[in-house]
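# Fold and geometry: a report
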Amino acid sequence: MTPSQPPVPSPGTPSLGERVRSLRLGDTRDQRPARWQYLPWAFVVALAFATGLLGYRAYRVSGTADPDAVRQAALELAKKNVGKPSEPDGSGTPGAPSTPTSSEEVVLQSKGYVVPFSLIQVSPRVGGQLIKINERFREGERFAKGDFLAQIDPKEYLFERDQLVAAAEAAKRRYLDLKENAEEEVLQAEADLEEVKNSSQQWKLEMDRNLKLARGNAVAIRELEQAQYSYQSMSAKQRRLESYLRMIKKDNGRLQLRIQAAEQDWKQAEERAKSAQMRLDWCRLEAPVNGIILTKKAELHNLVNPSAFSSGISASLCEMADLTKVEIDLSIQERDVALLRPGQACLIMPEAFQKHKPFLDKHPKGYKGYISRLMPTADRAKGAVPVRVWVKNITPEEAGVYLKPDMGALVSFLNMDDPDAKNAGAK
C-alpha cells in the first residue's frame with residue numbers, strides 16, 4: 001500500500017494563504033469619510049441651540065418678562081381684541097379674558113403677588129397655658145371680630161385681682177373715715193385744747209399760791225417746783241393744741257391734705273384693681289378683626305407668652321388677615337415708572353384663574369383696582385420701584401378664594417384714573 005499523497009491544487013484554485021490574506025481588512029488610513037457622516041452631528045447641535053433659545057425666551061416671559069416686550073405684546077393684543085367678549089374655544093375651555101376697550105388703553109402689564117393690606121399677628125397680652133381652644137381654630141377658617149379663639153388659665157390673674165380689690169376697699173374706707181369724721185376731729189381738738197387751758201390755769205393758780213407761801217417758809221420747795229413746772233408743761237401743751245387746731249381748721253390745712261391723700265390712695269388702689277381685672281380679661285383670646293386664619297402657631301395646653309423667645313413657648317397664637325382688603329405688590333422697572341401714577345386704574349387677573357370659567361363669568365376682565373401708592377425707595381438690585389395696587393370690591397364670599405396671599409397676579413395698567421381712588425395720593 002502506498003502512502004497517501006497531498007492533493008495538488010489546481011492552477012485556478014487559490015491557496016490557503018491567499019484565502020486567509022483575503023479575509024484581512026484593508027488599510028483605511030488613506031480613505032476619507034463621506035460628507036454625509038457629519039450630518040447627524042450637525043442636526044444635534046442645531047437642535048440643542050433651538051432648545052436653549054426657546055427655554056431662554058420662556059424664562060424671560062414667565063415671571064421675569066422683559067417689560068418692553070410684555071408691554072408691546074399687551075398693546076398688540078389689545079388692538080386685536082378691542083371690544084371682543086370672552087368666549088370659550090373649541091376645546092370647551094374658556095378663552096382668554098377680554099381685553100380693555102379703546103378707552104381703556106393698556107400702557108403697561110406686569111406680574112405681582114398678592115399681599116394682605118393688614119396682616120395681624122394675634123398674640124396674647126399675658127402669658128399662661130391654653131386650657132381651652134375653639135374647635136374651629138385652624139387655617140382657612142373665618143372668624144368675626146370678637147369671636148372666641150382660646151382661653152388662658154386665669155387662676156393666677158384671678159388671685160391677683162381679688163387681692164387688689166381688697167386693697168382698694170381698705171383704701172376707700174380710710175378715705176371715708178377721714179372725710180366723714182373731719183368735723184368730729186375738729187371738735188375733739190377743740191375739747192382737748194379747752195381741757196389743757198383749764199389745767200394750765202389751775203397749775204398757774206397753784207404756782208402763785210405756793211410762791212406766796214414760800215415767802216413765809218410755809219410750803220415745801222418740792223411742792224413749789226412741782227406747781228411751777230406743771231404750769232409750764234400745760235402752757236406748752238396748750239400752744240401745741242392751738243397750733244394743731246389752726247392747721248386742721250384752715251383751708252388746705254393738714255386735715256384737708258390728709259383727706260385728699262387718702263382719696264388719691266383709694267383711686268390708685270382702684271386703678272390697680274382695674275388693671276388686674278384687665279389682665280384677667282386678657283386670658284380670653286378673641287379675634288381682633290373679621291378675617292381668616294392664615295397660620296396657626298399654638299395648640300391646646302401650649303404655653304404662650306408675648307415676650308417669649310425660646311422654641312418651647314409660643315409668642316403668638318396665629319396670624320389673621322382680612323382678605324377682602326388685599327393689594328398686589330409689584331416691582332416696576334425704573335424706565336417704566338413714568339407711565340404710572342397714584343390713582344391709575346388697573347385690571348387684576350389671577351394667574352391661576354385666567355381660564356377658569358366660573359371666575360371669568362363673574363369677572364370677565366379680572367378684578368378692578370387702582371395704584372394705591374408708589375413706594376418712596378427703589379430696589380437697587382432689581383433696578384425697580386415697588387408699587388402697590390389696591391384690589392376693589394372683593395366680597396366676603398370671595399375672600400381668600402381667588403386671591404390668596406403670595407399668589408401671582410397679572411396687572412394691566414390702564415391709561416385712565418379710577419374714580420374711587422380719591423385718597424390714593426396726589427396725581
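Thresholds, definitions, all that
- Residues numbered from 1 in each chain as written.
- Predicted model: local features only at pLDDT ≥ 70, side-chain atom pairs only at ≥ 80, totals over all residues.
- Heavy atoms only, no water.
- Pairing = 2+ DSSP bridges.
- Helix = DSSP H or I, 4+ residues; strand = E, 2+ residues; numbered from the N terminus.
- Patch = residues over 30% accessible without salt bridge, like charges linked within 9 Å, V, L, I, M, F, W, Y side chains within 5 Å.
- Areas by Shrake-Rupley, 256 points an atom, 1.4 Å probe, with all protein chains shown as cover.
- Salt bridge = Lys/Arg side-chain N within 4 Å of Asp/Glu carboxyl O.
- Core = buried A, V, L, I, M, F, W, Y, C linked by side-chain atoms within 4.5 Å.
- Buried < 20%, exposed > 50% of the residue type's maximum accessible area, 1.4 Å probe, protein only.

Time to look at the sheet that holds strand β5 (residues 148–152). As summarised here, the arrangement of the four strands in space is β6-β5-β3-β8, forming an open sheet in which the pairing is antiparallel. Each end of this open sheet is capped by a strand with a single partner; those strands are β6 (284–286) and β8 (303–304). Pairing of β5 with β6, which is carried by three bridges, proceeds in the antiparallel orientation. Bridging from a neighbouring strand, Gln151 pairs with Arg284 of β6.

Moving on, we come to a nonpolar patch on the surface. Residues Phe43, Val44 and Leu47 make up a contiguous nonpolar surface patch of about 310 Å² in total accessible area. Checked against the element boundaries, Leu47 lands in helix α2 (residues 39–61).

The next point concerns the nonpolar core. Among the nonpolar cores identified, the biggest contains 32 residues, and Ile328, Ile348, Val389 and Phe413 are the most heavily contacted of them. Mapped onto this core, the elements with two or more residues apiece are β1 (106–116), β10 (326–333), β11 (344–350), α8 (357–362), β12 (367–374), β13 (384–391) and β14 (408–417). By size, the runner-up hydrophobic cluster in this structure holds 19 residues, among which are Val126, Phe143, Tyr157 and Leu280.

Quick look at the pattern of salt bridges now. A pair can form between side chains of opposite charge whenever their charged atoms are brought close. Across all of its chains, the model carries 22 salt bridges by this definition. The salt bridge partner of Arg279 is Glu160, with a shortest N-O separation of 2.5 Å. Residue Arg279 is found in helix α7 (residues 254–281), and its partner Glu160 is found in helix α4 (residues 155–180); the two are separated by 119 residues along the sequence. On the basis of relative accessibility, which here comes to 22%, the residue Arg279 falls in the partly exposed class. Taken together, the shared-partner salt bridges connect Glu327, Asp329, Arg373 and Arg388 into one network.

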